[in-house]
Amino acid sequence: MLQIAFIRENQEKVIKALAKRNIDAKSVVEEVVQLDENRRAAQVELDNTLSESNKLSKDIGELMKAGEKAKAAILKEKTVSLKEKSKELSEKAEALAVELTNKLYTLPNLPADIVPEGKTPDDNLNVFQEGDIPALHEGAQPHWELVKKYDIIDFELGVKITGAGFPVYKGKGAKLQRALINYFLDKNTAAGYNEVQVPHLVNEASGYGTGQLPDKEGQMYHAGIDDLYLIPTAEVPVTNLFRDVILNESELPVLQTAYTPCFRREAGSYGTHVRGLNRLHQFDKVEIVRIEHPDNSYAALDGMVEHVKGILKELKLPYRVLRLCGGDMGFTSALTYDFEVFSTAQDRWLEISSVSNFETFQANRLKLRFKDKDGKNQLAHTLNGSSLALPRVLAGIIENYQTPEGIVIPEVLRPYCGFDIIN
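Because the structure is a prediction, the values reported are computed rather than measured. Residue numbers restart at each chain and count upward from 1, following the sequence in its written direction. Local features in this predicted model are restricted to residues whose pLDDT is 70 or higher, and side-chain atom pairs enter the listing and the counts only when it is 80 or higher, whereas totals over whole chains, interfaces and linings include all residues. With hydrogens and water excluded, all non-hydrogen atoms of the structure serve as input to the side-chain values.

### Quick notes on the overall build of the chain
What the chain contains, in helices and strands, is 13 helices and 19 strands. Principal axes of the C-alpha set define a box for the chain whose edges measure 105 × 45 × 45 Å. Only protein chains enter the accessibility calculation, which uses a 1.4 Å probe; a residue whose area is less than 20% of its type maximum is buried, one above 50% is exposed, and one in between is partly exposed. Counting all 423 residues of the chain, 50% fall into the buried class. Note on areas: Shrake-Rupley, 1.4 Å probe, and residue coverage restricted to the protein chains presented here. Carbon and sulfur atoms make up 48% of the accessible area of the chain, which amounts to about 20300 Å² in all. Within the chain, the 61 negative side-chain charges are centred at a point lying 3 Å from the centre of the 51 positive side-chain charges. Numbering of helices and strands runs from the N terminus, with a helix taken as a DSSP run of H or I at least four residues long and a strand as a DSSP run of E at least two residues long. A positive count includes Lys and Arg, and a negative count includes Asp and Glu. His and the chain ends are not counted in either. Charge coordinates come from a single atom per side chain, which is NZ of Lys, CZ of Arg, CG of Asp or CD of Glu.

Okay, here's the thing in C-alpha cells:
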C-alpha cells in the first residue's frame with residue numbers, strides 16, 4: 001500500500017508513475033487526498049473536543065472541592081454534550097479512515113524508474129540469456145506425452161480424484177519432484193537463507209498484508225467456514241511472519257526460504273499453452289524472501305537474480321531473464337525480473353520464476369519496520385523470488401533432456417534422485 005503522506009506530497013509524481021502501468025489514476029489520487037483531508041479535519045475536531053471535555057472535567061473537580069455544586073452541575077451538562085459530540089466525531093473519523101484505507105488498497109505499487117514502458121508481455125525487456133538450446137532427436141515429444149510414455153505423471157488420475165490441474169506424480173516422477181525441492185532448498189540455505197516450514201492456509205489479514213487481497217481474491221481458494229485462504233505462494237505466510245514486527249537495524253537483512261505447495265484457481269485458462277504442467281491449480285514451489293534496509297534492497301534484488309541464474313546454470317537449462325514492463329508487472333511490485341526456460345519440444349519459453357522488489361509497499365500494509373541508528377522507526381523493504389517453481393522446470397527437464405533411450409537426469413540432481421535416467 002502506498003503511503004498517504006507520500007501521495008499527498010507527490011500527487012503528480014504518483015499519477016505519472018501509475019501511467020507507466022497504463023492506469024489513469026488522477027481521479028483516485030484526488031479522491032484519496034480529499035478523504036485524507038476530511039479524516040484529518042475530523043481528527044483535529046475530535047482532539048479539540050476531547051481536550052475541551054478534559055478541561056471541563058478538571059474545572060468540575062475544582063468547583064466540587066470549593067463546594068460550588070450548582071456551577072459544577074452546569075458544566076456537567078456541557079460535558080455530556082461534548083461526550084456525544086466526541087462519539088460522533090470518533091465514528092466519523094474511523095469511517096473516513098476505513099474508506100481511505102479501502103481506496104488505497106486499489107492503488108498498485110509505483111514502478112521503479114528502470115521499468116520499461118509497455119502494455120503486454122511482448123513489451124518486456126530481455127536483459128540476459130544463457131544456455132544452448134538442445135537439438136532433439138527425430139520424434140521428440142512434449143512432456144505431456146513423455147510422462148504417459150514413462151508413467152511418471154498422471155493427469156487423468158488427478159482429474160478423477162480432484163479435477164483438472166491437480167496431477168498425480170508417480171514413481172520416478174515423484175522422486176524427481178522431491179529431488180528438485182531438496183536441491184532448491186539446499187542451494188538456498190547454502191546461500192544464507194534460513195529454511196522455515198509455514199502453514200498452507202492463511203487468514204485474511206495475511207492476504208491483505210502481502211497484497212494478494214483484495215487484488216487476487218478471485219484467484220485464491222477460500223475455505224469459507226473458517227475464513228481461511230489456501231496460499232498461492234509461500235511469499236504470503238513467510239513474509240507475514242514479520243507482520244507488526246519492529247526489527248533492529250542490526251538484524252537486517254533477514255533471509256528466509258520455504259517449500260510449500262501453491263494453490264491458484266487461474267480461472268479462464270484454456271488451450272495448448274496451458275497444457276500439461278504449463279498451468280496447474282496445485283503446484284510445488286520453493287521461495288526466497290528478504291527483508292532489507294531501503295538503501296540495500298536493489299543490490300539484494302540483483303543478488304537474488306544472480307542466485308537463480310546459478311541454479312539454472314547448474315541444471316544446464318537454456319533460460320532468459322526479462323525485466324517486466326509497466327503493463328505486465330504484478331500489483332505489488334516496484335520492479336520484477338521473470339526467468340523463462342526454453343522448451344525445445346514445445347518451441348516456446350516457459351516462465352519459471354519471478355524475482356521482485358516491493359520496496360515499502362508490503363511493509364506499509366504489514367507494519368513491518370526497523371529501528372534505525374537514531375532510534376526512529378522506518379518501513380523496511382521486502383523482496384521475494386521463486387527459487388524455483390517446479391512444474392515448468394520439470395517440464396523443461398523432461399523435454400530438453402529426452403533421448404531415444406529415455407529422459408536423462410541432470411547431473412546435479414542425480415545424487416538427490418538415486419538414478420540417472422527415466423526409461
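### Observations regarding the sheet that holds strand S4 (residues 194-195)
DSSP bridges decide pairing: two strands pair if at least two such bridges lie between them. The strand order across the open sheet formed by eight strands is S1-S11-S12-S13-S16-S10-S9-S4, and the pairing between neighbours is mixed. Whereas interior strands pair on both sides, the edge strands pair on one side only; in this sheet they are strand S1 (125-130) and S4. Relative to strand S10 (residues 282-292), strand S9 (residues 254-263) runs antiparallel, the two sharing ten bridges. Considered in S10, the bridge of phenylalanine 263 is made with glutamine 282. Only heavy atoms enter the contact rule, under which two residues are in contact if any of them lie within 4.5 Å. Here, axes are lines fitted to C-alpha atoms. For helices the fit covers the stretch in contact, and angles between N-to-C directions go from 0 to 180 degrees. Lying on the sheet, helix H10 (residues 297-315) is in contact with S1, S10, strand S11 (319-323), strand S12 (335-343), strand S13 (348-357) and strand S16 (381-389); it crosses S16 at an angle near 5°.

### Details of the nonpolar core
Side-chain atoms within 4.5 Å are what join buried Ala, Val, Leu, Ile, Met, Phe, Trp, Tyr and Cys residues into a set we call a nonpolar core. Membership of the largest hydrophobic core comes to 59 residues, with the highest contact counts inside it found for Phe184, Leu312, Phe339, Val393 and Leu413. Among the elements that make up this core, the one with the highest residue count is H10 (eight residues). Counting residues in hydrophobic clusters, the runner-up holds 23 residues, among them Met1, Leu18, Leu104 and Phe331.

### Points about the side chain of lysine 20
Along the chain, the position of lysine 20 falls in the loop between helix H2 (11-19) and helix H3 (26-65). Buried charge lysine 20 goes without a salt bridge, the closest partner of opposite sign being glutamate 117 at 4.8 Å. Counted as a polar contact is a pair of N or O atoms within 3.5 Å, where, for protein atoms, one must be capable of donating a hydrogen and the other of accepting one, and residues adjacent in sequence contribute only when both atoms are in side chains. Within the structure, lysine 20 has its side chain in polar contact with the backbone oxygen of aspartate 113 (distance 3.2 Å). Non-local contacts of lysine 20, meaning those with residues more than four positions away in its chain, are made with Pro111, Ala112, Asp113, Val115, Pro116, Glu117, Gly118, Gly326 and Gly327. Definition used for salt bridges: Asp or Glu carboxyl oxygen within 4 Å of a side-chain nitrogen of Lys or Arg.

### Considerations on the environment of aspartate 226
Tracing the sequence through the fold places aspartate 226 in the loop between strand S6 (222-223) and strand S7 (228-230). Given the relative accessible area of 55%, aspartate 226 is considered exposed. Distance in space between the C-alpha atoms of aspartate 226 and asparagine 203 is 8.9 Å, their sequence separation being 23 residues.

### Things to note about the packing of aromatic side chains
Under the pairing criterion, centres of Phe, Tyr and Trp rings, with the six-membered ring standing for Trp, must be within 6.5 Å; the plane angle then separates stacked pairs below 30 degrees from edge-to-face pairs above 60, leaving the rest tilted. In total, this model carries eight aromatic pairs according to the counting rule given. Each ring, one from tyrosine 105 and one from tyrosine 208, has its centre 4.9 Å from the other, and the planes form 50°; the classification is tilted. Taken together, the positions of tyrosine 105 in the loop between helix H4 (69-104) and S1 and tyrosine 208 in helix H8 (residues 204-210) put the pair 103 residues apart, joining distant regions of the chain. Measuring from centroid to centroid gives 6.0 Å for phenylalanine 331 and phenylalanine 361, while their planes differ by 75°, and the two rings are edge-to-face. Of the two residues, phenylalanine 331 sits in the loop between S11 and S12 while phenylalanine 361 sits in helix H11 (residues 361-366), which places them 30 residues apart along the sequence. Neither phenylalanine 331 nor phenylalanine 361 differs from the other in exposure class; each is buried.

### Overview of the environment of leucine 18
Take leucine 18: it is sitting in helix H2. Between the alpha carbons of leucine 18 and alanine 205 there is a distance of 26 Å; along the sequence they are 187 residues apart. Sequence-distant contacts of leucine 18, defined by excluding residues within four places in its chain, comprise Ile23, Ala25, Leu107, Pro108, Asn109 and Leu110.

### A look at the pattern of salt bridges
For the structure on display, the rule yields 17 salt bridges. Put simply, arginine 290 and glutamate 292 hold a salt bridge, and the shortest N to O gap is 2.8 Å. Considered together, arginine 290 and glutamate 292 belong to a single accessibility category, that of buried residues.

### Comments concerning the packing of helix H7 (residues 172-190) against H10
Each pair of packed helices gets described by two things: the angle between the helix axes and the distance between those axes. Interhelical geometry of H7 versus H10 gives an angle of 135° and a closest axis separation of 11 Å. The pairing of H7 with H10 is recorded here as oblique in orientation. Seen along the crossing, H7 lies across H10 with a hand that is right-handed. Contacts between H7 and H10 pair Tyr183, Phe184, Lys187 and Asn188 from the former with His307, Ile311, Glu314 and Leu315 from the latter. In this count, Pro and Cys sit with the nonpolar residues alongside Ala, Val, Leu, Ile, Met, Phe, Trp and Tyr, while Asp, Glu, Lys and Arg are called charged and the others, Gly among them, polar. In terms of residue class, the contact of H7 with H10 is built from four nonpolar, two polar and two charged. Comment on the angle field: the value is read as roughly parallel under 35 degrees, roughly antiparallel over 145, roughly perpendicular from 65 to 115, and oblique elsewhere. When the near helix sits turned anticlockwise from the far one by under a right angle, the crossing is termed left-handed; a clockwise turn instead gives a right-handed crossing.

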